[in-house]
Amino acid sequence: MGISRPALLTTAVTAGALLLSPLPATAQPGQPGQPGQAAARPHPVRENGAPGSAATASGGPVAAPATGTVAQDAVGVAPDEERGYPRRTVVTAPPENPADKAIKLGLTPYHSLAPRLNALQKLGDRVSVEVTGRSAGGHDLYLVTVTAPESSGQAREQRRMRDLIENSPAAAAKDGRIASSYKTPVFINNNIHGNEWEGTDAALELVEELATANDARTRDLLATNRVYLNITANPDGRVAGTRANSQGFDLNRDFITGSQPESRAIRQITVDKQPVVMLDLHGYVNGTLIEPTTPPHGENYEYDLFLKNSYANALGMEKAVNDLGYTAAEDGVEPPVIPFRDQREGWDDWPPIFTPQYAAFQGAVAAHTVEIPLRVNNNDYDTLPVAELRRRSAINADIAGAAMRATLGHALANRTSLIADQIETFRRGAAGEAQRPVSEETVPGVPGIGPEDVYTTDFPRAYVIPAGEAQRSATAAARLVDHLVANDVRVRRASAGFELAGRAYPAGSYVVDMHQPKRGLANVILDEGRDISADVSTMYDISGWSLGLLWGASVDTVDEGREEGGALRVPSRPVVAAAPTGSVPAGQGPLLLRLDDPKELTALNALLAQGVSVQRAADGSAIVPASARQRAAVLAERYGVVFTATEEKGTAALHRTRVAAAVTPGERTALAELGFEVLPVSTATLNAGFDWSAADVLYVSSGLQYGGLTPAARTALDGFLADGGGVVALGSAGAAFNTAAGLLDARPVAGNADANGVVRVTNAGGPVTGGAPAHSFVYSPRWFTDLGAGVRVDQSYGAGNPLVSGHWRAKKEGGGGPSDAAGEASVVSGTSAKGSPVVLFGTEPLFRDHPKGLFAQLGRALLLGAAG
């Protein structure tokens, strides 16, 4: 214990025994089988034969292996899922980087991973390495599989059984081959926060151990399990010593948005491998924190199955950590904490944005965040002696490894029941059965279950994403469908008109039958969610996220027939991606492009970048001249946007908008998605001298304080404003900037800073909120009162309690709750005393690149600001 790990494996190591407590063998290695009887995951052609795929439309496919990465046995063989193991890949090492932050800790720098993985593959026939994509910063993402060798026939049989478990769970429950021979998939995810390093090193040591140990129990483990290890989920952050990736995103908040390539790669791993057990290694909480969590628990889980298995595995990990012998007195290591058992609230599994919680919706019946104990990042990294940092890192890696080994031991000892519970999870979904509330009777052996742990939902019979006039945005509907499919939710497209629950729908409408194995994931995406403000006093992160309300599409909930069995009577076929939506009408006249969807803003900005003279319509839409019809047709196909014929005359010219942006990473990404030219600014940037002639509008939400500007910087900014330069301001930083700069006459009122969620709003229409949805998103909400003359209310919070889903209480001292915001202005605009157009937001329309249906409000505001 306490020794440093080698940074690079250069020679074969001595074989050793896997450190698991003695357990009986439970199954024999699988034998070659016949091609399966079960239907594999459906792979129908794209609607109308159009190019593209669901993955592309939902944020891009998982990237191909990097140039120079060679799969030695990939030529002339079956697709990946039909190839046997090992699947040796020679991965190319990047140049040595002496600035890699892991080096100081005595841990493995990123540039050493490829050589070490190549060496590990040479130790025998158990280790396979694959490149699952590239990070936002261009680093390869490595997935290691450790298992006993499989022929291609055995691999096909494993795939058959995996597909049977998901697609025909009732049959899978009776399949003797699954009970005897299915290899339990265990997924270990490491280093998703870049400055929480040690999981990577523990994983490397575990792979080396599994590759070389020759005892009977290790052989049994690998004969009955496939162990998948994502070596570093965030190589950008690992190298830089940052929590986020190179785009500034916290990847462990990107489920269920999937905005980043790293999180999409993890998503694809969970879809393809269908793990039964999952670990996510983090730091730093002392003592070691091991989930399951406190309430509230996600209402869409089969939580009785999840809690039973997660709690049992947590006890095993706790014992393994304690058995290492570290103490608070000698090592600074406190005893482990299991939040479900040891805490009342504050560490919940409510939102699906965290990796283990997302994995539960892909079939994991035990999934855990594990927080190793001793802090080595942030200020400690900069101030502690190197020897102390390395002592702590070695202990952390030791503890991470103990959690991994205990989990493998649990998977080996309980493989039959774990697989059975995954099958049961999918079976309940496919059958449309009610959830089982947790209790001491339904989850025997887990102490302390009370009514505070009971969170269930009544799943609807179906969701319909209508076509035709009932659909507010065909572009948004297609994006939502593609996102559902990318998450392995089953969607069908109606081939003829049909009726459900007394409502008629045209052909082309999409139906999500909630009698499907992954109904929990379908519901987590499409349902409006729940107001849980009364349930707990605090939440760990966001509490509302509904894509059904926030992504811009019309989504109908069908409750009728929920209690009935059988399939829905809808003539339809499964889809792998949405049908094309872009169009330009026949004719010779000008065109109207509504700016209600981010893709429409992207198309507009593409036209402006090409020098097309576009006019603003009275409602904020764009009028494209007839001379640009051919260009419009190209963009309609590329972005799936709809141009319509118009005789309307424009009110003002639109111009290419250059945005000086003091914003969060999520907002910066969204602005790029909208096609704006972004010039990052901050207080320091302006104080260093900024050429305001390069910008058309200033957007402030973070990192810019008017009072912190030097006299010269303030004079330059005031000159920009006096020349008509616009301002869009959001959140506390934006409100403070507006007040300090003396712009719009409006008093900002701060709601509870802990509040977040989906809210009802009333839109006034016009250039900012014309065509906007009836819902928005808030995070530390604000509203505006005492409005001066000429200040326009573009949007207001709904009456009564505007919160639809999330957590929003009044402040402890009173006030700041949703009832105080009811009816108040959430978005206002006007012309400042300095002559500049200003728009103020109390909502969060670009939050973490998530609420796609709200993006256009911000884009319209920027266009309005640039018009000055």
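Data block above holds the structure.
Visitor: Where do I start with the overall build of the protein in this structure?
Guide: Of the regular secondary structure elements, the protein holds 28 helices and 35 strands. Per-residue burial for the protein yields a buried fraction of 60% across its 868 residues. A separation threshold of at least 6 residues defines the contact pool for the protein, and within that pool the share at least 24 residues apart is 79%. Accessible surface, the protein: about 30,200 Å² in total, of which carbon and sulfur atoms supply 52%.

Visitor: Is there a simple way to think about the nonpolar core in this case?
Guide: In summary, soluble globular proteins display a tendency toward joint burial of nonpolar side chains. Grouped together as the largest cluster of nonpolar side chains are 136 residues, with contacts concentrated most on Leu229, Leu480 and Ile525. Broken down by element, this core gets its largest block of residues, 11 residues, from helix α15 (residues 386-413). With residues near it in sequence (within four places) discarded, Ile525 still touches Ile256, Leu480, Leu484, Asn487, Val489, Ser546, Leu547 and Gly548. By size, the runner-up hydrophobic cluster in this structure holds 42 residues, among which are Leu591, Leu601, Val728 and Leu863.

Visitor: Would you mind showing me how to read the side chain of Asn523 here?
Guide: Locating Asn523 in the fold gives a position in helix α18 (residues 519-526). Among the polar contacts made by the side chain of Asn523, one reaches the side chain of Tyr463 at a distance of 2.6 Å. Apart from residues no more than four positions distant in its own chain, Asn523 is found in contact with Asn300, Thr457, Phe459, Pro460, Tyr463 and Met514.

Visitor: Help me understand the packing of aromatic side chains in this model?
Guide: All told, the structure shown has 20 aromatic pairs when counted by the stated rule. Stacked on the ring of Tyr85, the Lys or Arg Arg87 has its end atom at 4.0 Å from the ring centre. One cation-aromatic arrangement involves Lys104 over Tyr381; the distance from NZ or CZ to the ring centre is 4.5 Å.

Visitor: Looking at this structure, I do not really get the sheet that holds strand β18 (residues 572-574). What am I missing?
Guide: Hydrogen bonds between backbone atoms are what pair the strands of a sheet, whose relative direction is either parallel or antiparallel. As summarised here, the arrangement of the five strands in space is β17-β12-β16-β13-β18, forming an open sheet in which the pairing is antiparallel. Unpaired on one side and paired on the other, β17 (556-558) and β18 mark the two borders of the sheet. Across the sheet, the axes of successive neighbouring strands diverge by a mean angle of 30 degrees, strand direction being ignored. Judged from the four bridges that link them, strand β12 (residues 462-465) and strand β16 (residues 510-513) form a sheet pairing that is antiparallel. What sits directly across from Tyr463, in β16, is Val512. Running over the sheet, helix α17 (residues 474-486) touches β12 and β16 and is turned about 140 degrees from β12.

Visitor: Just to check I follow, could you spell out the pattern of salt bridges for this structure?
Guide: If the charged atoms of two oppositely charged side chains come close together, the side chains can form a pair. Evaluation of the coordinates by the stated rule reveals 48 salt bridges. Across the pair Asp140 and Arg134 runs a salt bridge whose closest N-O atoms are separated by 3.3 Å. The partly exposed category is assigned to Arg134, whose relative accessible area is 34%. Arg177 is the partner of Glu157 in a salt bridge, and the nearest nitrogen-oxygen pair spans 3.3 Å. Note that Glu157 is positioned in helix α3 (residues 152-167) and Arg177 in helix α5 (residues 176-181), a separation of 20 residues in sequence. Take Glu157: its relative accessible area is 4%, and that puts it in the buried class. When its relative accessible area of 29% is taken as the criterion, Arg177 is described as partly exposed. The network of salt bridges with shared partners includes Glu302, Asp304, Glu424, Arg427, Arg428, Glu433, Arg436 and Arg519.

Visitor: What is the right way to read the environment of Leu418 from this model?
Guide: Tracing the chain through its elements places Leu418 in helix α16 (residues 415-431). By relative accessible area, Leu418 is classed as buried at 0%. With 142 residues separating them in the primary sequence, Leu418 and Val276 have C-alpha atoms 6.7 Å apart. For Leu418, the residues in contact, after removing those within four places along its chain, are Val276, Val277, Asn309, Val365, His410 and Ala411.

Visitor: Looking at this structure, how should I read the environment of Leu222?
Guide: Here Leu222 lies in helix α7 (residues 216-224). A residue is classified by how much of its surface remains accessible, and Leu222, at 1% relative accessible area, is buried. Considering only alpha carbons, one finds Leu222 and Ala148, 74 residues apart in sequence, at a separation of 5.0 Å. Other than its neighbours up to four places away in sequence, Leu222 contacts Arg126, Val146, Thr147, Ala148, Lys183 and Leu210.

Rules used throughout
- The residue numbering used here restarts from 1 in each chain and proceeds along that chain's sequence as written.
- With the structure being a predicted model, the display of local features is reserved for residues of pLDDT at least 70 and the display and counting of side-chain atom pairs for 80 or more, all residues being used for whole-chain, interface and lining totals.
- Values shown for side chains rest on all heavy atoms present in the structure; no hydrogens or waters enter the calculation.
- Here a strand is any run of E in DSSP of at least two residues, a helix any run of H or I of at least four, and the numbering for each starts at the N terminus.
- For every residue, the accessible area (1.4 Å probe, protein chains only) is compared with the maximum for its type, and the residue is labelled buried under 20%, exposed over 50%, or partly exposed between those bounds.
- Here a residue-residue contact requires only that any non-hydrogen atoms of the pair lie within 4.5 Å.
- Residue-level accessible areas treat just the shown protein chains as cover; the underlying method is Shrake-Rupley with a 1.4 Å probe.
- Only buried residues count toward a nonpolar core, which is a set of Ala, Val, Leu, Ile, Met, Phe, Trp, Tyr and Cys residues joined through side-chain atoms within 4.5 Å.
- For the purposes of these results, a polar contact is taken to be a pair of N or O atoms within 3.5 Å, where, inside protein, one atom must be able to donate a hydrogen and its partner to accept one; residues adjacent in sequence count only when each atom of the pair is a side-chain atom.
- Aromatic contacts are taken between Phe, Tyr and Trp rings whose centres are within 6.5 Å, Trp giving its six-membered ring; a plane angle under 30 degrees counts as stacked, one over 60 as edge-to-face, and the others as tilted.
- In this analysis the charged atom, NZ for Lys or CZ for Arg, is taken to sit over a ring once it is within 6 Å of the ring centre and within 35 degrees of the ring normal.
- When DSSP finds two or more bridges between two strands, those strands count as paired.
- Note on geometry: axes are C-alpha line fits, over the in-contact stretch for helices, and angles between N-to-C directions span 0 to 180 degrees.
- By definition here, a salt bridge exists when the distance from a side-chain nitrogen of Lys or Arg to a carboxyl oxygen of Asp or Glu is within 4 Å.

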